[in-house]
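# Tertiary structure, described
Below, each chain spelled out in residue letters.
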Amino acid sequence: MGRARGTGVILLAALVCALVLPAQAAGRDRGRLWVESQNRALQKQRSTLSEVARKAMPSVVSITTQQAADVQAASGEEAQKGIGSGFIIHPDGYILTSAHVVEGAAEVLVSVLHPRGYVEDYEAVVVGEDARTDCALLKISAPRKLPVLKLASASHVRSADWIVVIGNPFGLAHSVTVGVVSYKGRTDVTPNGRDGDFDYIQMDASINPGNSGGPVLDLHGDVVAVANAVNVAGQGIGFAIPIDIAKTVIPHLKAHGRVRRGWLGMSVQDFSPEVAEAFNLRRGRGVVVTDIVAGGPAERAGLQVGDVIVGLDRRSVRRAHALRWQVAARGVGRDVQFQVHRMGRPLKLTLRLEEMPSEEAPTPSLATSTPGRHAGAPQSVLEDLLSPVPRSKSRQAGPPAGEAGSGTGGSGQDTPVP
């Protein structure tokens, strides 16, 4: 009887606690203007980032290069070794990296992480490289199938999305940095003053000398970009080339060792009030033909300076940079159809793409868009702002005269990272 009474008291006390404690908690919550989160999403995100880095690590390689003997002799300095990063894209040993990592190198050494934890070194062959997209394809011969990273698309990446960068900064192999996408489609920058086919993803993940060529991964662990350039005047501003560009040029590099670009022999600019005024055009959409190369495909097809291109093969055209890349990526020998507005009248013109002439010997211009503009000059509004993340571990020194550049509207100067 006494035992039953004691059990009843305990159950009653437990029931009171079960009712009172939530009521007290609810009372405390009513006094707040917010509801406390358990940070489950953040914990899950941290776990995801860690898992992405862990799984990708075996596919990321470190690259060391040796300068050619004639370059060393000309500089009068000791042999310099360059550093960079890359990642395996095929089990047979094909590796993607940045072209400037292996540019001018007489020897390329690739360090691969073995499944047992030690590092293996292989001499690599440069299968092909392309300066305009800053992509290079390497090949090593390993005694086993190698782990690869999957190449996704940058099209699904949005601003503020998390990304993971893995590389070899300052020779510190397999270093991981994490950040978010700051901006997509950054075309108003020119790496080290070189004109090229770039469409940068801007990010705040740290990249440093040696990161070039390393993968930029999304939360699925897939490659969405290749780490490429850094603004040395700013903090937390890095740039990467969308993997879609690399996926376009890789087959060319494997088949030909270079990219055979389609070429039309013309220059275009985005439609803007200034361009409209210069060519006496009405406000509209599309891109404006500002320059025609004598004897080129565009001249032979009948395109004229001042024509407004609004479509390419039934797809609308809005940006000059995008049109330029779409034409180049189609390759040599393809026919393309332009939808054009000329003095308000619609036209359709068919052009056959030819191979881009050598940049060392530019074809003379038939017409120039505006006084003082040089044909073929970069269209960037921020000349020389960016420097590709250098591969060389040279001594700390100031840049040679004339190599520093400044951004439009800014007072700082940007030079290559030493």
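So, here is what we can say about the structure in this document.

When you go through the protein chain residue by residue, the secondary structure sums to eight helices and 25 strands. For the protein chain, the residues scored as buried account for 42% of the 418 residues in total. Approximately 22,200 Å² of the protein chain is accessible, and the part contributed by carbon and sulfur atoms is 52%.

Moving on: the pairing of strand β4 (residues 105-113). Sheet topology note: the strand β1 (residues 60-67)/β4 ladder contains six bridges and is antiparallel. Across the sheet, residue Gln67 finds its bridge partner in β4, namely Ala105. As defined by bridge partners, β4 adjoins strand β5 (residues 119-123) across five bridges and the pair is classed as antiparallel. Looking at β5, one finds that Val112 is bridged to Glu120. Taking the residues that link successive antiparallel strands as the turn, the β4-β5 hairpin has five residues, and the phi of Gly117 there is positive, at about 105°.

Turning to a nonpolar patch on the surface, a few remarks are in order. Nonpolar side chains collect at one region of the surface, where Trp162, Val176, Val178 and Leu219 lie side by side and expose about 280 Å² of accessible area between them. Mapped onto the fold, Leu219 is located in the loop between β11 (215-217) and β12 (223-230).

Below, the discussion takes up the pattern of salt bridges. Proximity of charged atoms lets side chains of opposite charge pair with each other. Scanning all chains against the criterion turns up 12 salt bridges. A salt bridge links Arg258 to Glu355; its shortest N-O distance comes to 2.8 Å. Here Arg258 is found in the loop between α5 (243-256) and β14 (262-263), whereas its partner Glu355 is found in strand β21 (residues 354-355), with 97 residues between them in sequence. Arg258 gets classed as partly exposed once you look at its relative accessible area, which sits at 41%.

Bringing α5 into the picture now. At 3.6 residues per turn, the α-helix brings residues three or four places apart onto the same side. The end-to-end C-alpha distance of α5, which contains 14 residues, comes to 20 Å, matching closely the 20 Å that a straight helix rising 1.5 Å per residue would cover. Of all bends in α5, the biggest is about 30°, found at Val249, and the proline Pro251 comes one to four residues later. Along α5, the residues that are buried comprise Ile243, Ile245, Ala246, Val249, Ile250, His252 and Leu253. Once α5 finishes, Gly257 follows within two positions and takes phi at roughly 80°, a positive value.

Of note, Asp134 is a non-glycine position whose phi angle comes to about 55°, a positive value. Of note, Asp134 is situated in the loop between β6 (125-130) and β7 (135-139). Although it is not a glycine, Phe170 adopts a positive phi angle of roughly 55°. You can see Phe170 is positioned in the loop between β8 (162-167) and β9 (175-186). Overall, the relative accessible area of 48% leaves Phe170 in the partly exposed class.

Rules used in this analysis
Residues numbered from 1 in each chain as written. Predicted model: local features only at pLDDT ≥ 70, side-chain atom pairs only at ≥ 80, totals over all residues. Heavy atoms only, no water. Helix = DSSP H or I, 4+ residues; strand = E, 2+ residues; numbered from the N terminus. Buried < 20%, exposed > 50% of the residue type's maximum accessible area, 1.4 Å probe, protein only. Areas by Shrake-Rupley, 256 points an atom, 1.4 Å probe, with all protein chains shown as cover. Pairing = 2+ DSSP bridges. Patch = residues over 30% accessible without salt bridge, like charges linked within 9 Å, V, L, I, M, F, W, Y side chains within 5 Å. Salt bridge = Lys/Arg side-chain N within 4 Å of Asp/Glu carboxyl O. Expected span 1.5 Å × (residues − 1). Bend = angle between axes of the 7 residues up to and from the residue.

Shape is all these values report; function is a separate question.
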